[in-house]
Amino acid sequence: MRYVEVGGLRLSAIGLGTWQFGSREWGYGAGYASDTAPAIVRRAIELGVTLIDTAEIYGFGRSERIVGEAIRGQREGLVIATKLVPVLPLPSVVGWQVRGSLRRLEVEAIDLYQVHFPNPFVSPRSTMAPLRTILEQGLVRHVGVSNHSLGRWRAAERGLGHPVLTNQVRFSLAAPLPHWELVPYAREEGRVVIAYSPLGQGLLSGGHNLNSPAPADIRGRSRLFRPRSLRLAEPLLDAIREAAAAHAATPAQVALAWLIGHANVVAIPGARTVAQLEENVAAADLELSEAEMDRLTGEAARFEGAVRR
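Residues numbered from 1 in each chain as written. Predicted model: local features only at pLDDT ≥ 70, side-chain atom pairs only at ≥ 80, totals over all residues. Heavy atoms only, no water.

Overview of the pairing of strand β8 (residues 164-170)
Applied cut-off: Exposure is judged per residue with a 1.4 Å probe applied to protein chains only, and the accessible area is read against the type maximum: over 50% gives exposed, under 20% gives buried, and values in between give partly exposed. Where helices and strands are cited, they refer to DSSP runs of H or I of at least four residues and of E of at least two residues respectively, numbered from the N terminus. In this analysis, strands are considered paired if DSSP registers two or more bridges between them. The handedness of a crossover follows from its direction of travel: if, with the strands pointing away from the viewer, the path from the first strand over the helix to the second runs clockwise, the crossover is right-handed.
Among the seven residues that make up β8, six are buried, leaving the element largely enclosed by the rest of the structure. Bridge count for strand β7 (residues 143-146) against β8 is three bridges, and the pairing is parallel. Opposite S146, over in β8, you have Q168 as the bridge partner. In this region the chain leaves β7, passes through helix α5 (residues 150-160) and returns to the parallel neighbour β8; the handedness of that crossover is right-handed. Relative to strand β9 (residues 192-196), β8 runs parallel, the two being bridged by five bridges. Across the sheet, the residue bridging to N167 is V193, located in β9. The β-α-β motif built from β8, the intervening helix α6 (residues 182-189) and the parallel element β9 has right-handed crossover chirality.

Written as structure tokens, this is what we have:
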């Protein structure tokens, strides 16, 4: 495993995303939540994963409970990250939210507490004020944001009066825009970009094509799985497959290796099975050449531009 160390946190280059834990959107069922999800967390820890990311809204708190139970007795060295929904960022409300997450996670402090998305009706300064209070109280160790532009990320830092250590954003070869703006900022300022949906919700793993049925879960609403997008993705997927063949790796591992090949970037893929988790984690050992990185970046940019037209 490789690690990114910032602000006293040691983040595994491949973390674990847990949106699917207890969430109906993915349709994994009760057996997954009760048995498979905890097994995935325990195996991730064995493999050196330190970053485990969840949110109060995932399964309406159930994801946090599953994570809390799974890490019981194994807290040391982990970076437990969760997110609050900033609908009403008042001190009393945020205090209630963070204490709910602490209770469900069964921890004394949250390592990384992230604002899940910007509230367009509340200024970053007002959003960050109650987070500054709970940071100074020691209920959280670091503050981050999610789904923030560079301008909002900087504004959040000014509002907090402390470093906003991370920005968790949709980032993959199918959604490469952070490569040009957020990643340089993170590298220059000692911050971290956390990439969610790093496999394009499965598009980049090579399991979908024009002849595949539309996904029956939440991905069925994604533009990435529409016929036009699947056609446009073929040159990008070909480049991924060629790199995978050259390294005796899987397409998913190449897609993850491209992300963590950027300085100050970590990825948090989810996993449906323990075997899938193990495949994801193995991507930390794959190093792409500069030529491979450049080709993939170019194909990703062409795909993004074509899809947006």
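After that view of the structure, there is still more to cover.
Examining the pattern of salt bridges
A side chain of one charge can pair with a side chain of the opposite charge if their charged atoms are brought near each other. This is how it is decided: We define a salt bridge as a contact between a side-chain nitrogen of Lys or Arg and a carboxyl oxygen of Asp or Glu at a distance within 4 Å.
Taken as a whole and judged by the stated rule, the model has 14 salt bridges. The salt bridge involving E278 is made with R43; its shortest N-O contact spans 2.9 Å. A residue pair is termed long-range when its members are at least 10 positions apart, and E278 in helix α10 (residues 274-282) and R43 in helix α1 (residues 30-46) qualify at 235 residues. Overall, R43 belongs to the partly exposed group, its relative accessible area being 28%.

Side note on empty space enclosed by the protein
The cut-off we apply is this: A 1.4 Å probe that fits into a set of points on a 1 Å grid over the protein atoms alone but cannot get out defines a cavity; an open set with protein on both sides within 12 Å along at least five of seven lines defines a pocket, and lining residues are those with an atom within 4 Å of a point. Grid points are joined across faces, edges and corners, and a volume is the space filled by probe spheres set on the points. Three classes are used, and their members are as follows: Ala, Val, Leu, Ile, Met, Phe, Trp, Tyr, Cys and Pro are nonpolar, Asp, Glu, Lys and Arg are charged, and the others, Gly among them, are polar.
Applying the stated criterion to the full structure yields one cavity of 30 Å³ or more. Space inside the largest cavity adds up to approximately 60 Å³. Along the walls of the largest cavity sit V115, P118, N119, V122, S123, P124, T127, M128, H148, R152 and A156, which together make up its complete lining. Elements that contribute at least two residues to the lining of the largest cavity include exactly α4 (124-136) and α5. For the lining of the largest cavity, the element with the highest residue contribution is α4, accounting for three residues. Its residues assigned to classes, the lining of the largest cavity shows six nonpolar, four polar and one charged.

Notes on helix α11 (residues 290-308)
Rule in force here: Given a helix with a known number of residues, its expected span is that number minus one, times 1.5 Å. Residue contacts are defined here by distance: any two heavy atoms, one from each residue, within 4.5 Å place the two residues in contact.
Between its first and last C-alpha atoms α11 spans 27 Å; for 19 residues at 1.5 Å apiece the expected length is 27 Å, and the two agree. Those residues of α11 that sit buried are E292, M293, L296, T297, E299, A300, F303, E304, A306 and V307. Next to the buried residues of α11 lie α7 (227-232), α8 (234-247) and α9 (251-260).

Details of α5
For α5, the complete set of buried residues consists of L150, W153, A155, A156, E157, G159 and L160. On its buried face, α5 is in contact with α4, β7, β8, α6 and β9. Of the residues one or two after α5, G161 is the one with positive phi, at around 75 degrees.

Looking at the sheet that holds β8
Spelled out, the test is: Think of each axis as a best-fit line through the C-alpha atoms, taken over the contacting stretch in the case of a helix, with angles from 0 to 180 degrees between the N-to-C directions.
Strand order in this open sheet of eight strands is β3-β4-β5-β6-β7-β8-β9-β10, and the pairing throughout is parallel. Both outer strands of the open sheet, β3 (16-17) and β10 (265-267), are each paired with one neighbouring strand and no more. With three bridges joining them, strand β6 (residues 112-115) and β7 adopt parallel strand pairing. Across the sheet, Y113 pairs through a bridge with V143, a residue of β7. Of the strands in this sheet, β5 (79-84), β6 and β7 touch α4, which is tilted by about 170 degrees from β6.

Thoughts on the packing of aromatic side chains
Heads up, the rule is: Aromatic pairing here means that ring centres of Phe, Tyr or Trp (its six-membered ring) are within 6.5 Å. Orientation follows from the plane angle: under 30 degrees is stacked, over 60 is edge-to-face, and everything else is tilted. Here, a charge over a ring is recorded when the distance from Lys NZ or Arg CZ to the ring centre is within 6 Å and its angle to the ring normal is within 35 degrees.
By the definition in use, this model includes four aromatic pairs. Plain terms: the ring middles of W153 and Y185 are 5.0 Å apart, the flat faces sit at 70 degrees to each other, and that makes the pair edge-to-face. Residue W153 is found in helix α5, and its partner Y185 is found in helix α6; the two are separated by 32 residues along the sequence. Summarising the burial analysis for this pair, W153 and Y185 share the class buried. Across from the ring centre of Y3, 3.7 Å away, lies the NZ or CZ of R10, which sits over that ring.

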